[in-house]
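# Residue-level structure breakdown
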Amino acid sequence: MQSNIECTPMTTSRRAFLKVGTAAGTALLLGFHIPVTGSAAAQARSSFVPNAFIRIDRQGAVTLTMPQVEMGQGVYTSVSMILAEELDAKWEQVALEAAPPNDKLYGNPLFGIQVTGNSNSIRAFWTSLRKAGAGARAMLIEAAARRWKVDANTCHADNGAVTHATTGRSLAYGALVEDASHLSAPQDPPLKDPAHFKIIGKSLQRLDTPEKVNGQALYGIDAMPPGVKFATLAICPVFGGTVGHVEDSKAKQVPGVCQIVVLDDLVAVVGDHMWAAKQGLAALDITWDEGPNAHVTSDTVWRQLRAASAKSGAVARTAGDAAKALSSGERLDSAYELPFLAHAPMEPLNCTVHVKPDMCEVWVGSQVLTRAQAAAAQVTGLPLDKVTVHNHLIGGGFGRRLEADMVEKAVRIAKAVDGPVKVVWSREEDIQHDIYRPVYRDVLAASVADGRIVGWTHRITGSSILARWLPPAFKNGIDIDGVDSAADIPYDIPNLRVEFQRDEPPAVPTGFWRGVGPNNNVFAIESFLDELAKKAGKDPVAFRRDMLGKVPRLRAALDLVASKAGWGTPLPARTGRGVAAQTAFGSFIATVAEVKVDENGDVHVQRIVSAVDTGIVVNPDTVLAQLQGGLIFGLTAALFGEITIDKGRVQQSNFQNYRMLRINEAPKIEVHLIASGEAPGGIGETGTTAAPPAVGNAIYAATGIRLRRLPIDRALLAVRKTA
Amino acid sequence: MKTARILNGAWQKSAAEMSYEIPPLWHTLQTQQTLELPVVNLHVNGEVKAVEAANDTPLLWALRDLLGLTGTKFGCGIAQCGACTVHVDGKPVRSCVVPIGSIGERAITTIEGIGATPPGRKVQQAWLHLEVIQCGYCQSGQIMSAAALLAGKPDPSDADIDAAMAGNICRCGTYVRIREAIKKAARSA
């Protein structure tokens, strides 16, 4: 179904804008360049292309291809730093470009596909990028040595040139391009001793930020292919519902409206600009077939989840005899619950598509580039090589852009449109048709004796996102993400059992959200640890510390944060400190939050201190920034975040009722980095995981009230209960 | 002042350069003059720009979709997040709720032009020096709000910063650095 109507004559300048991803004055090239791959190296006579990540031209300019997408985490810079370090490139000569979709060349080694997520860019690519840089360096040295007819071992590379120390001869990389191109890449090039790192470990200026202060940076939503039209959409508000009838006579009268596209599950209006499309959409009278989910409410969701959590699940880890141990010592039972959450990235979902008979072109910011390409291929029926995807900077991912639904919907709309069309979701659609952080219920029991935990059971009930998203990773009923940080709980507990009970909520689609599995588990475990410390009559820091003998890196972080936060020093009334410790994402982090709870039950988070051991750090300032931002993201969830369901639809719609932490509510944040020579850990999601339990424990310290559900319920914390 | 005809020509040149097929529909539409929309002159970053759109069109969409100034961002559409902040006569406004017909000849400054003002330049420099930015999507709006704050209050207190910046949401959580950077910009010459 679709109706075409006459469009406003094109007399304004909008189609004059062809934006390509170059910005004068910066070393950054984004998005619109297809890199030459290793197999195509032969054709690139003018460049030295030792592998899929590095290209050096005769002028010595080094272009690095980014396998991971930049969404604020600084990965363009840190990936470039790793490559440039081992390549011994001149940092000022480094430019970068986004990789095209290609799992083979640019797949994340931990996933096997081109994914940016799970805080693992540096962990996953650490060795392969170093080898790529080191291999190229070895070839350039070899090329110079052959030119000089000397032993390669008597030459070294530094700052974009090869030098023969004994004679003082030196050749810049640009002069070696042709010679090096004829050499074959070494199989296992030697890597630098980290003690000799010159770039890694320095807080370098990020490569992507200069064009983010002046409006030049291009996100997916900024794509402007010539002739582009603008569309916005309404998806059936009830999950799984379809379009019934569309009365469009008024919409056709809206100036600038060009076309109304009616699909099974959604209606889109195409206009000369977004306002025309929005006005047109508002003028439509749509009757929906709400389908079988119209009765689903939050109550339905929670009843189902709680019932499921009463049944035993698949055993993810067992040690000793947990059941027997629970009957000794003093036993405590508790359960914790987390709500649905939307991602709400500041850049609303969008995707620009041009479908032609024999090809399809897509402009988008995606964490899963090859999946974006595959979605477009599937909808159009075109082979993959006829689908070009231009990846862009991402205006906030947080897991939402690990899905390709925005691409699939945009391509379906674009199939009905003649010419390129930019489909931009309103904030309301973005929040009401998210793929949500699942609801979780964690049922825990433990017994303590002599100040230590002797028995422990933990049953996690919730979605298996991996079962949908990466099915081979869901095995024997265990979701390895769902039990992450729970099956590998850092505390020394002799008898334990950790179970996963998969339960998919009715109607509501669920997906990854910043902090993924550990978000849930660290909240439940660290809240429960506090309850057990009280049961054991011990200080929360001392209680944890005494069970961390086998994890000295976390114990050191705990000691440092206790010292920096002034743990144990007096605080005013209704003010308290809470601690949380975690080993999530390969990083060892301890956090103390200090909160004041006012008489109305409002929680004021005054200060957060974190101590972090994340192994070798590539760009220290980026690590600090990720912790600071991750903590704020977690605070927003703990204080405000909840998506509720009524009549099969999401009740929140925009920032007035899906609240975000603002600058006046942000605490002071201190992050202390612990020097380490261990392999790098992940960092992007760690703060988000740390904040909620630390705040919950601080609220307990301030009020004596234990909150076992998020977001915090002010009514429970108010001194004077209102009627 | 640029005319629509010249700009049309520029578009066709761009399309040709990119060897884009110009879809037949657009050819048809270009010759049809069925709907007459008002021409609104906007004074943007020191230039007069003509847009053809209804008077109630929010400035945000005129800037982004009709003038190609995509540095100003869409975040919520209801003046709740501040991503679309621009200046009108030096005052910060949420361009998603300002109709183009209400602006007249008042001066509009966007993120693309704010670097030409002393407070704007200082804010941009402080933002880079303290590496405030993460994803950057909200930062056009943050910088516009901060520049307006410093233009009116060269030495803002924490309370001034809260009042001026609380309308700008940053989902990456860069607030700690935004506060520092505003203070740094205020101290810089």
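All residue numbers refer to positions counted from 1 along the written sequence of the respective chain. As a convention, the first chain written is A and the first ligand written is 1, with the rest following in written order. Selection of residues for local features in this predicted model requires a pLDDT of at least 70, selection of side-chain atom pairs for listing and counting requires 80 or more, and totals for whole chains, interfaces and linings are taken over all residues. Processing note: side-chain calculations cover all non-hydrogen atoms of the structure and skip hydrogens and water entirely.

## Some remarks on the overall build of chain B
To be explicit about the condition: Strands are runs of DSSP state E lasting at least two residues, helices are runs of H or I lasting at least four, and both sets are numbered from the N terminus onward. A 1.4 Å probe rolled over the protein chains alone gives each residue an accessible area, and that area as a share of the maximum for its type sets the label: buried under 20%, exposed over 50%, partly exposed in between. Surface accessibility in these figures is a Shrake-Rupley result with a 1.4 Å probe; residues are shielded only by whichever protein chains are displayed.
On a plain count of helices and strands, chain B comes out with seven helices and five strands. Counted from the first residue to the last, chain B has its helices and strands arranged as α-α-β-β-α-β-β-β-α-α-α-α. When the 189 residues of chain B are sorted by exposure, 54% land in the buried category. About 7400 Å² of surface is accessible on chain B, with carbon and sulfur atoms providing 54% of the total.

## A short note on the sheet that holds strand S15 (residues 330–338) of chain A
All names here are of chain A. Selection rule: In this description, strands pair whenever DSSP reports at least two bridges between them. Between N-to-C directions, angles span 0 to 180 degrees; the directions come from axes that are lines fitted to C-alpha atoms, helices contributing only their stretch in contact. Here, two residues are considered to be in contact whenever any of their heavy atoms come within 4.5 Å of each other.
Pairing within the open sheet is mixed, and its five strands lie in the order S14-S24-S21-S20-S15. A single partner strand is all that each edge strand has here, and the edge strands are strand S14 (314–319) and S15. Going from strand to strand, the sheet's axes swing by 10° on average, the running direction of each strand aside. The sheet contact formed by strand S21 (residues 452–462) and strand S24 (residues 495–502) spans eight bridges and is parallel. Paired with Trp456 across the two strands is Leu496, which belongs to S24. Contacting S15, strand S20 (440–449), S21 and S24, helix H7 (residues 298–309) crosses the sheet at an angle of about 40° to S20.

## Here's the deal with unusual backbone geometry
Backbone torsion omega between Leu710(A) and Pro711(A) reads 0°, so that peptide bond is classified as cis. Tracing the chain through its elements places Pro711(A) in the loop between helix H17 (686–703) and helix H18 (714–717). With a phi angle near 55°, Asp88(A) is a residue other than glycine that sits in the positive phi range. Along the chain, Asp88(A) falls in the loop between helix H1 (75–87) and strand S5 (94–98). In this structure, Glu131(B) is a non-glycine residue whose phi angle is positive, near 50°. In this structure, Glu131(B) sits in the loop between helix H4 (118–129) and helix H5 (139–152).

## Focus: the packing of aromatic side chains
Residues and elements named next belong to chain A. What counts here: Between rings of Phe, Tyr and Trp, where Trp is taken as its six-membered ring, a pair exists when centres lie within 6.5 Å; planes separated by under 30 degrees are stacked, by over 60 edge-to-face, and by other angles tilted. Throughout this description, the term charge over a ring refers to an Arg CZ or Lys NZ atom that lies within 6 Å of the ring centre and within 35 degrees of the ring normal.
Under the defined criterion, the tally for this structure stands at 13 aromatic pairs over all chains. Residues Phe53 and Tyr106 carry aromatic rings whose centres are separated by 5.7 Å and whose planes lie at 75° to one another, so their mutual orientation is edge-to-face. Here Phe53 is found in the loop between strand S2 (47–51) and strand S3 (54–57), whereas its partner Tyr106 is found in helix H2 (residues 103–106), with 53 residues between them in sequence. This pair shows no difference in class: Phe53 is buried, exactly as Tyr106 is. Here the aromatic rings of Trp513 and Phe633 are separated by 4.9 Å at their centres, their planes lie at 50°, and the arrangement is tilted. Here the residue Trp513 occupies a position in the loop between S24 and helix H13 (516–536), and Phe633 occupies one in helix H16 (residues 620–640), the gap between them amounting to 120 residues. Phe633 shares its class with Trp513; the two are buried. Site record: aromatic cluster; members linked through ring pairs are Tyr336, Trp456, Phe523 and Phe528. We note Arg371 situated over the ring of Trp469; from NZ or CZ to the ring centre the distance is 4.3 Å.

## Observations concerning the packing of H4(B) against H5(B)
Residues and elements named next belong to chain B. The condition is simple: An angle below 35 degrees is treated as roughly parallel, one above 145 as roughly antiparallel, one from 65 to 115 as roughly perpendicular, and anything else as oblique. Crossing handedness is read from the near helix: turned anticlockwise from the far helix by less than a right angle, it gives a left-handed crossing, and turned clockwise, a right-handed one. Only Asp, Glu, Lys and Arg are considered charged in this grouping, and only Ala, Val, Leu, Ile, Met, Phe, Trp, Tyr, Cys and Pro are considered nonpolar; every other residue, Gly among them, is considered polar.
Look at H4 against H5: their axes get within 8 Å of each other, and the N-to-C directions meet at 130°. One finds that H4 runs oblique with respect to H5. Along this stretch, H4 crosses H5, giving a crossing that reads as right-handed. For the pair H4 and H5, contact is made by Pro119, Gly120, Val123, Gln124 and Trp127 and by Gln139, Gln142, Ile143, Ala146, Ala147, Leu150 and Ala151, respectively. Considering only residue class, the contact of H4 with H5 consists of eight nonpolar, four polar and no charged.

## Looking at the environment of Leu470(A)
Residue and element names in this part refer to chain A. By secondary structure assignment, the location of Leu470 is in the loop between helix H12 (465–469) and strand S22 (474–475). Owing to a relative accessible area of 18%, Leu470 belongs among the buried residues under this scheme. When the C-alpha atoms of Leu470 and Phe111 are compared, they prove to be 8.9 Å apart, with 359 residues separating the residues in sequence. In contact with Leu470, other than residues within four places in its own chain, are Phe111, Ile113 and Arg371.

## Concerning the environment of Arg720(A)
You can see Arg720(A) is positioned in the segment after H18. With sequence-adjacent residues up to four places away left out, Arg720(A) is seen in contact with Glu599(A) and Asn600(A).

## Some points on the domain arrangement of chain A
Residues and elements named next belong to chain A. Heads up, the rule is: For the domains described, the bounds stem from an automatic or database domain assignment. What gets called buried area is simply the loss in accessible area from a 1.4 Å probe that two parts show on being joined, summed for both. Take a side-chain nitrogen of Lys or Arg and a carboxyl oxygen of Asp or Glu: if they are within 4 Å of each other, that pair is a salt bridge. Pairing of N or O atoms within 3.5 Å defines a polar contact, subject to two protein rules: one partner must be a possible hydrogen donor and the other a possible acceptor, and residues neighboring in sequence count only if both atoms are side-chain atoms.
Partitioning chain A into domains gives domain 1 (38–212), domain 2 (220–291 + 349–424) and domain 3 (299–340 + 437–717). For domain 2 versus domain 3, the separation of C-alpha centres amounts to 37 Å. Contacts between domain 2 and domain 3 engage eleven residues on the former and 16 residues on the latter. For the pair domain 2 and domain 3, the two sides together bury roughly 1100 Å², of which 57% comes from carbon and sulfur. On the surface where domain 2 and domain 3 come into contact, there are two salt bridges. Taken together, domain 2 and domain 3 are joined by six residue pairs in polar contact (both at pLDDT 80 or more). Of the residues contributing to the side of domain 2 that touches domain 3, the split by class is six nonpolar, one polar and four charged.

## Describing the pattern of salt bridges
Across all of its chains, the model carries 55 salt bridges over all chains by this definition. In this structure, the salt-bridge partner of Lys49(B) is Glu47(B), at a minimum N-O distance of 3.8 Å. Of the residues examined, Glu47(B) reaches a relative accessible area of 40% and is grouped as partly exposed. Overlapping salt bridges bring together Glu85(A), Glu86(A), Asp88(A), Arg130(A), Arg137(A), Asp158(A), Lys192(A) and Lys198(A) as one network.

## Some points on the pairing of strand S2 (residues 47–52) of chain B
Residues and elements named next belong to chain B. Where strand S1 (residues 39–44) lies against S2, six bridges are found, and the strand directions are antiparallel. When the sheet's bridge partners are listed, Leu42 is paired in S2 with Lys49. Taken together, S1 and the strand that follows it, S2, pair antiparallel across an intervening segment of two residues, in which Asn45 is found at a positive phi of about 50°.

## Remarks on the state of the cysteines
Residues and elements named next belong to chain B. Where we set the bar: Disulfides are defined in this document as cysteine sulfur pairs within 2.5 Å.
Under the definition given, this model contains zero disulfides over all chains. Here Cys81 is not disulfide-linked; the sulfur of Cys76 is the nearest cysteine sulfur, at 3.9 Å. Looking at Cys170, it has no disulfide partner, and the nearest cysteine sulfur is the one in Cys138, 3.8 Å off. Cys170 sits in the buried class, given a relative accessible area of 4%.

## With respect to the packing of helix H6 (residues 158–165) of chain B against helix H7 (residues 175–187) of chain B
Residue and element names in this part refer to chain B. Where H6 meets H7, the closest approach of the two axes is 11 Å, and the angle between their N-to-C directions is 115°. Between H6 and H7 lies a crossing whose hand is right-handed. Where H6 approaches H7, its residues Asp158, Ile161, Asp162 and Met165 are matched on the opposing element by Ile178, Arg179, Ile182 and Lys183. Grouping the constituent residues of the contact of H6 with H7 by class yields four nonpolar, no polar and four charged.

## What about the sheet that holds strand S5 (residues 107–109) of chain B?
Residues and elements named next belong to chain B. Reading across the sheet, the five strands line up as S2-S1-S5-S3-S4 and stay open at both edges, with mixed pairing between neighbours. Strands at the two margins of the open sheet, each flanked by one partner only, are S2 and strand S4 (91–94). On average, each strand axis in the sheet is tilted by 40° relative to the strand beside it, whichever way the strands run. Across the sheet, helix H3 (residues 59–66) lies against S1, S2, strand S3 (85–88) and S5, angled at about 85° from S1, the strand it touches most.

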